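# Descriptive structure summary
Okay, here's what each chain looks like letter by letter:
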2 protein chains.
Amino acid sequence: MGSCTNGVVSDQSGATSNGRASVDKGVDFANYFCTYAFLYHQKEMLSDRVRMDAYYNAVFQNKHHFNGKVVLDVGTGSGILAIWSAQAGARKVYAVEATNMAEHARELVKANNVQDVVEVIQGSMEDVQLPEKVDVIISEWMGYFLLRESMFDSVICARDRWLKPTGVMYPSHARMWVAPIRSGLGDQKQNDYESSMEDWYRFTDETQSYYGVDMGALTKPFAEEQKKYYLQTSLWNNLHPNQVIGTAAILREIDCLTASVSDILEVRSNFLSTVTLPNTRLCGFAGWFDVHFRGRKEVPAQNEIELTTAPSVDNGTHWGQQVFLLNPPIRVTEGDNLNGSFSMKRNKENHRLMEVEFNSEVKQYSGQLLPPFRNRYFIE
Amino acid sequence: MGSCTNGVVSDQSGATSNGRASVDKGVDFANYFCTYAFLYHQKEMLSDRVRMDAYYNAVFQNKHHFNGKVVLDVGTGSGILAIWSAQAGARKVYAVEATNMAEHARELVKANNVQDVVEVIQGSMEDVQLPEKVDVIISEWMGYFLLRESMFDSVICARDRWLKPTGVMYPSHARMWVAPIRSGLGDQKQNDYESSMEDWYRFTDETQSYYGVDMGALTKPFAEEQKKYYLQTSLWNNLHPNQVIGTAAILREIDCLTASVSDILEVRSNFLSTVTLPNTRLCGFAGWFDVHFRGRKEVPAQNEIELTTAPSVDNGTHWGQQVFLLNPPIRVTEGDNLNGSFSMKRNKENHRLMEVEFNSEVKQYSGQLLPPFRNRYFIE
């Protein structure tokens, strides 16, 4: 029952460790946890009706999983899931939260009269000690495109340490999806990048004229930095379904009961997509996720709930989708086929962020193969 | 010649150390240094003509300080000051930079043919070893309102370790200024705060209706968090001189040759200001700084250069001014006197940020005293 690791990490001195070293907690706090200590941020998530409805319904339409049971809420934040678990009849709820938000969770628990059931514990899941194993682990751990933030590591850790052999995971399953899209964002970002470079050349001219220093040696690294920022960093967007120009494909399916950290250190998948819109532009790919609350084979949910973050008119979520731009866009039409491969791994310096690669090839309806393209992206 | 400290700091576990402990480098990097590793950020500073002109003129109009001398550039960034020092005739320049920007500085030094003179050293000033003491320490260390970022600590450390007894500081002096101002920002932020609270009450109603959870226990901490964010956090602004409604006052004068870290851990000062505009509103205070390049008594500058960040029509800088809002504003008129006291100290969790207090009393021209007010602010 040792402490869990958080994947590949390196400290600023450049030393890299593989899988067994732990992340510096202070750095992790400054880089990641700190935003969750703000009530404004909690409110944003609590105001996401699709998210709230899904968890609310998952719990209250499946009280048999909670009634008289012991529950662990990983990353309780404001305490909402823990409070619902208690209201659904749990005998005991351990609500673990790494940040000072735990204080507020405690107040909320008390104000909602479930303090006899819910015990808020401030600490990281990897370190806390619980007095007993639990029947249910409930957690809202999903980041952009599912795995950004790598919070699922902490849920796996909790499961391996504290879930009874007969226990249930809420959610039980998760899937990563991808689809080809059209979007004006690509043109916008390309313009931003070009403006930035125009301004750079103006700047180098002036610096030479007025200050006698040639900045030309920095043009290449500046262009790379700007290219990464404008063109290679995935964007948050709430896409309209009519921006999806081809069939969506599943990149990865996760069984939350059995997944291991090594399963998710790297996500690699081939995918196929058929273009469904005539005479359009392939401007990039969108990535999103869904999760399901199915219980477990031996004790299934009575009402299976789905939480999806797919492009939607009315049911958008705070997660949006992650957009990976193609520059320049590619003309495609209905019936064209996309043969792609996807890979995602953690950023070496910050395991909470991701590096992505999309390789793709268009086989036109006519049968002609367009040149393949390969692009690298950063989920920041 | 021991290592230097960085003032009061505490780590995330809550332990506080006073003056003698060092800051966790990883945390400091994630919180502070990392922005300086971006070329875009360096370009912003290099594009600030007022800043560039001041340092350029300070160096090239005072070549006697540089010619044949040994120079240390603390926080060289892109290397600009080091390159100028070499071009002004320095025998040797040590250019110290904590971030990977040092790599770019090295390229720039080479591309400008001063690699025989300029040696770029990547590391923190507190740790690096130089082969010799130096005649000049040049550094652009000033943050918003002078001391935000607490970089001057590193300059003091450099001076105490490496400056010859006859050495010169560039800049030699620094001053913090304050003045009463008028501004529409106060109304704007008050509206933002009130909207935020309206939205909060809507949110708590909905959360009770739809989800059976009473968020009322969080109203007070949410309001405090929002108040801090909208009303108590100093704002960056480039004020127009006509927004300054009274005489400016000096809060602190620093002699860069003799100042110590304990001198600047806390800045306390009384100040007086007379309102110079008829029938106006005291909406808050603006804080800014200036620095001077005077050389030293024994070897003064031939041409004294000033770099000021006071409100200006044509000569604004990237520093702008720091605005501390008063809510509600106070009606004042020409001849009214402001009797104020100011204090600034470092944030306990992050020594790069500041906490400020303004106490003030208006004595009207008629002689009547308005109720005094006291406000606390955060420089984030």
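Residues numbered from 1 in each chain as written. Chains lettered and ligands numbered in written order. Predicted model: local features only at pLDDT ≥ 70, side-chain atom pairs only at ≥ 80, totals over all residues. Heavy atoms only, no water.

## A look at the UniProt feature "domain: Protein arginine N-methyltransferase" (unreviewed entry) in chain A
Keep this limit in mind: UniProt positions are given in the numbering used here, feature names are shortened, and annotations may be inferred rather than shown by experiment. Secondary structure follows DSSP: runs of H or I at least 4 residues long count as helices, runs of E at least 2 residues long count as strands, and numbering of each begins at the N terminus.
Taken from the UniProt record, the annotation "domain: Protein arginine N-methyltransferase" (unreviewed entry) applies to residues 190-362 of chain A. Secondary structure over residues 190-362 of chain A splits into 23% helix and 45% strand, and the C-alpha atoms at its two ends are 22 Å apart.

## Considering the pairing of strand 16 (residues 354-363) of chain A
All names here are of chain A. Let me state the cut-off plainly: To sort residues, take the accessible area from a 1.4 Å probe on protein chains only and compare it with the maximum for the residue type: under 20% means buried, over 50% means exposed, and anything in between is partly exposed. DSSP bridges decide pairing: two strands pair if at least two such bridges lie between them.
Strand 16 sits mainly inside the fold: 7 of its 10 residues count as buried. Where strand 15 (residues 337-346) meets strand 16, 10 bridges bridge the pair, whose relative direction is antiparallel. Paired with Arg 346 across the bridge in strand 16 is Met 354. Of the pairings in the sheet, the one linking strand 16 to strand 17 (residues 373-379) comprises 7 bridges and is antiparallel in character. Residue Asn 359 lies in a different strand from strand 17, and its bridge partner there is Arg 374.

## A closer look at the relation of the copies chain B and chain A
To keep it simple, the criterion reads: Here the copies are superposed with least squares, the fitted atoms being C-alpha atoms of residues at a pLDDT of at least 70 in both. Only heavy atoms matter for contacts: two residues are in contact if any of them lie within 4.5 Å across the pair.
Laying chain B over chain A is done by rotating through 180° and shifting 0.0 Å along the axis; what remains is an RMSD of 0.0 Å. Taken together, the rotation angle and the small translation identify this as a two-fold axis. Closest to the rotation axis within chain B is the C-alpha of Val 27 of chain B, separated from it by 2.3 Å. Of all interface residues in chain B, 100% are interface residues in chain A too; the two copies therefore contact each other through one and the same surface.

## Side note on the domain arrangement of chain A
All names here are of chain A. Put simply, the rule is: Residue ranges for the domains originate in an automatic or database domain assignment. Summed over both partners, the accessible area lost on bringing two parts together, with a 1.4 Å probe, is the buried area. The salt bridge definition used is simple: a Lys or Arg side-chain nitrogen within 4 Å of an Asp or Glu carboxyl oxygen. We define a polar contact as two N or O atoms separated by no more than 3.5 Å, with the added condition that, inside protein, one atom must be a possible hydrogen donor and the other a possible acceptor, whereas residues neighbouring each other in sequence contribute only through side-chain atom pairs. When residues are sorted by character, Ala, Val, Leu, Ile, Met, Phe, Trp, Tyr, Cys and Pro go into the nonpolar class, Asp, Glu, Lys and Arg into the charged class, and all the rest, Gly among them, into the polar class.
Domain boundaries in chain A define domain 1 (3-170) and domain 2 (176-182 + 235-379). Taking only C-alpha atoms into account, the centre of domain 1 sits 26 Å from that of domain 2. Contacts between domain 1 and domain 2 engage 45 residues on the former and 49 residues on the latter. In terms of surface lost to domain 2, no three residues of domain 1 exceed Tyr 144, Phe 145 and Leu 147, which account for 19% of the buried area on that side. Linking domain 1 to domain 2 there are 1 salt bridge. With a shortest N-O distance of 2.8 Å, Asp 153 and Arg 346 are connected by a salt bridge. If you look at where domain 1 meets domain 2, you find 15 residue pairs in polar contact (both at pLDDT 80 or more). Looking at the side of domain 1 that touches domain 2, the elements with two or more residues in it are strand 1 (9-10), helix 1 (25-31), helix 3 (49-60), helix 6 (152-162) and strand 7 (163-170). In terms of residue count, the dominant contributor to the side of domain 1 that touches domain 2 is strand 7 (7 residues). Residue composition of the side of domain 1 that touches domain 2, grouped by class: 24 nonpolar, 13 polar and 8 charged.

## Considering the packing of aromatic side chains
The geometry of an aromatic ring pair is captured by two quantities: the separation of the ring centres and the angle between the planes. Residue and element names in this part refer to chain A. Our working definition: The rule is short: rings of Phe, Tyr and Trp, with Trp giving its six-membered ring, pair when the centres are within 6.5 Å, and they are stacked under 30 degrees, edge-to-face over 60, tilted in between.
Across all of its chains, the model carries 46 aromatic pairs over all chains by this definition. With a centroid separation of 5.1 Å and 50° between ring planes, the pair formed by Trp 200 and Phe 203 is classed as tilted. Note that Trp 200 and Phe 203 are positioned in helix 7 (residues 185-211) at a spacing of 3 residues, about one turn of the helix. Classification of Trp 200 by relative accessible area gives buried; the value is 1%. Relative accessible area serves as the criterion here: at 5%, Phe 203 is assigned to the buried category. For the pair Phe 285 and Phe 358, a centre-to-centre distance of 4.6 Å together with 5° between the ring planes defines the contact as stacked. Of this pair, Phe 285 sits in strand 12 (residues 280-296) while Phe 358 sits in strand 16, and the two are 73 residues apart along the sequence.

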